[in-house]
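A structural walkthrough
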Amino acid sequence: MIVDSHCHLDDEKFEGDREQVIERALAAGVDTMMAIGTGGELDVAIRQAERYPFIYATIGVHPHDASKATAETYARLRDLAQHPKVLAIGEIGLDYHYDFSPRDVQRAVFDRQLEIAAFARKPIVIHTREAWDDTMAQVASLPHGGIMHCFTGDAAQAQQAVERGFHLSFGGVLTFPKAESLREAARTVPADRLLVETDCPYLAPVPYRGKRNEPAFVVETARRLAAVRGITIEEIADVTSRNFRTLCLQVPMTNS
Ligand code: NI
C-alpha cells in the first residue's frame, strides 16, 4: 500500500474518467491520495475527499494565482482549514520561472498563508521554482514543517530542507534519464523524510513519460526511489506511507 501525496484530481484532464482513474489507483495499491485544492472556489479537493474515505484534501492559493487573492480568500482559507479532511495548506510558495503573479505579491500571499497554516497547525505543501533562497527565508518563521512538493533540487538543498524540518516528496522527474543529481539527492535524504507523489496529470514517470499522469503511476516513482536507495519497493511504500501518516494524519489510518 502506498500514498500519492500530491495529485490534482480536479484537473479537467480527468473529466471523462475520474472514477476509473481512482479505481486504477486502488487496484495498483495506492490506498491514500492527497488531492490538491488550489482551483476554483478552493473547495474542489474537499468535495472529492468527502466522496472517498481514502482521499484527503489541501487548500491554498498557488503562487501563479497570487494576484487574485483577496481578504475574502484568506477568510475562506481560514474557514476551510478547519474541515476534518483538510490535511495541509498548499500548494503555496513562489514561482519565479513563470512569474504569473508579481514576485512581491507572491511573497505577500505566501506569508499570509504561512500565518494561516501556523494558526491552523497544519503542515504546508510548498511549490518553489527558481525561488529557493526566498522560499527558505520565508518559511524560517513557520513553527512547523511540511512538504517540499515535487522536489527537484540537489543534495545541498535537500539537506537544507531537512534541517528546516521538511519532508521531500519525489515525483516522476526522479525517473527521468537526466535527473542524476536529483537521484543523488534522493540517496542522501533521511528515510523518515521521504514521500512520493505523482503531481498528476503532470510529469508522468518513465515508462509513461509524456502521457497523462495518474495516481496509479506513483508506483513507478516508488520503484525508482527504492532502486536508488538500494531497498525494496515494499520498504519504500512502508516508510513513505508511515511518514505521510506521521506528518499529515498524526493517527494510524483506519484501513491499515
Ligand atoms: Ni501540484
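Refer to the structure printed above.
Residues numbered from 1 in each chain as written. Predicted model: local features only at pLDDT ≥ 70, side-chain atom pairs only at ≥ 80, totals over all residues. Heavy atoms only, no water.

1. Comments concerning the environment of Ile233
Operational definition: Helix numbering and strand numbering both begin at the N terminus, where a helix is a DSSP run of H or I of at least 4 residues and a strand a DSSP run of E of at least 2. Two residues form a contact once any of their heavy atoms are found within 4.5 Å.
Counting through the fold element by element, Ile233 comes out in helix α9 (residues 233–249). As a C-alpha pair, Ile233 and Thr221 span twelve residues in sequence and 9.7 Å in three-dimensional space. Ignoring anything within four residues of it in the chain, the contact list for Ile233 reads Val219, Ala222, Arg223 and Ala226.

2. With respect to the side chain of Gln138
Condition: Burial here depends on accessible area, computed with a 1.4 Å probe over protein chains only, as a share of the maximum for the residue type. Under 20% is buried, over 50% is exposed, and the range in between is partly exposed.
Take Gln138: it is sitting in helix α5 (residues 132–139). Accessibility expressed as a relative area gives 10% for Gln138, which makes it buried. Excluding residues that lie within four positions of it along the chain, Gln138 makes contacts with Leu94, Arg107, Phe110, Asp111 and Leu114.

3. Notes on the layout of surface pockets
Here is the rule we go by: Definitions used for this entry: grid spacing 1 Å over protein atoms alone; cavity, a set of points where a 1.4 Å probe fits but cannot get out; pocket, an open set with protein on both sides within 12 Å along at least 5 of 7 lines; lining residue, one with an atom within 4 Å of a point. Grid points are joined across faces, edges and corners, and a volume is the space filled by probe spheres set on the points. Under the scheme applied, nonpolar residues are Ala, Val, Leu, Ile, Met, Phe, Trp, Tyr, Cys and Pro; charged residues are Asp, Glu, Lys and Arg; polar residues are all the others, including Gly.
Estimated volume of the largest pocket: approximately 810 Å³. When residues of the lining of the largest pocket are traced back to their parent elements, those giving at least two are β4 (86–95) and β5 (124–129). The greatest single-element share of the lining of the largest pocket, amounting to four residues, is contributed by β5. Here the residues of the lining of the largest pocket sort into eleven nonpolar, eleven polar and eight charged. Taken as a whole, the second largest pocket encloses approximately 240 Å³ of empty space. Lining the second largest pocket are Thr38, Gly39, Gly40, Glu41, Leu42, Val61, Asp65, Lys68, Ala69, Thr73 and Arg76.

4. Overview of the packing of helix α7 (residues 180–188) against helix α8 (residues 218–229)
Helix-helix packing: each pair is described by the crossing angle between the helix axes and the interaxial distance. Using the following cut-off: Comment: axis = line fitted to C-alpha atoms, over the contacting stretch for helices; angle = value between 0 and 180 degrees taken between N-to-C directions. Note on angle classes: values under 35 degrees are labelled roughly parallel, values over 145 roughly antiparallel, values of 65 to 115 roughly perpendicular, and the remainder oblique.
Running from N to C, α7 and α8 point in directions that differ by 70 degrees, and their axes come no closer than 9 Å. As far as their axial angle goes, α8 and α7 are roughly perpendicular. Here Arg183, Ala186, Arg187 and Thr188 of α7 lie close against α8, whose contacting residues are Arg224, Leu225, Val228 and Arg229. Residue classes in the contact of α7 with α8 are distributed as three nonpolar, one polar and four charged.

5. Considerations on the coordination of the nickel ion
Worth spelling out the cut-off: Coordinating N, O and S atoms are those within 2.8 Å of the metal (3.2 Å for Na, K and Ca), and as water is not part of the atoms, a site may appear to have fewer donors than expected. Four donors are marked tetrahedral only if all angles between them lie between 85 and 135 degrees, whereas four are marked square planar and six octahedral if opposite donors are more than 155 degrees apart and the other angles lie between 65 and 115; the remainder are marked irregular.
Coordination of the nickel ion by the protein comes from His6 (NE2), His8 (NE2), Glu91 (OE) and Asp199 (OD), over a distance range of 2.1 to 2.3 Å. Seen from the nickel ion, its four donor atoms lie at angles of 87 to 179 degrees, and the figure they make is irregular. Considered as a linear motif, the donors of the nickel ion on their single chain read H-x1-H-x82-E-x107-D. Here His6, found in strand β1 (residues 2–7), pairs with Asp199, found in the loop between β8 (194–196) and α8; they are 193 residues apart in sequence, far enough to count as distant.

6. Concerning the pairing of β4
Under the convention used in this document: Pairing between strands is defined by DSSP: at least two bridges between the two strands are required. Convention used here: a crossover is right-handed provided that the path from the first strand, over the helix, to the second strand proceeds clockwise when the strands point away from the viewer.
For β4, the tally of buried residues reaches ten of ten residues, placing the bulk of the element in the interior. Of the strand pairs in this sheet, β4 and β5 are connected by six bridges, and their pairing is parallel. When the sheet's bridge partners are listed, Leu94 is paired in β5 with Thr128. Note on the crossover from β4 through helix α4 (residues 103–120) to β5: the handedness is right-handed.

7. Quick notes on the sheet that holds β4
Pairing is parallel in the open sheet, where eight strands are placed in the order β1-β2-β3-β4-β5-β6-β7-β8. In this open sheet, the two edge strands, each paired with only one partner strand, are β1 and β8. Neighbour-to-neighbour, the strand axes of the sheet open up by a mean angle of 30 degrees, direction not taken into account. Where β1 and strand β2 (residues 30–35) come together, four bridges link them in parallel fashion. Looking at the pairing, Val3 lines up with Thr32 of β2. On the sheet, α5 packs against β4, β5, β6 (146–148) and β7 (166–170) and is oriented at approximately 155 degrees with respect to β5. The sheet contacts of α9 involve β1, β2, β3 (55–59), β4, β6, β7 and β8, and relative to β8 the element is tilted by about 100 degrees.

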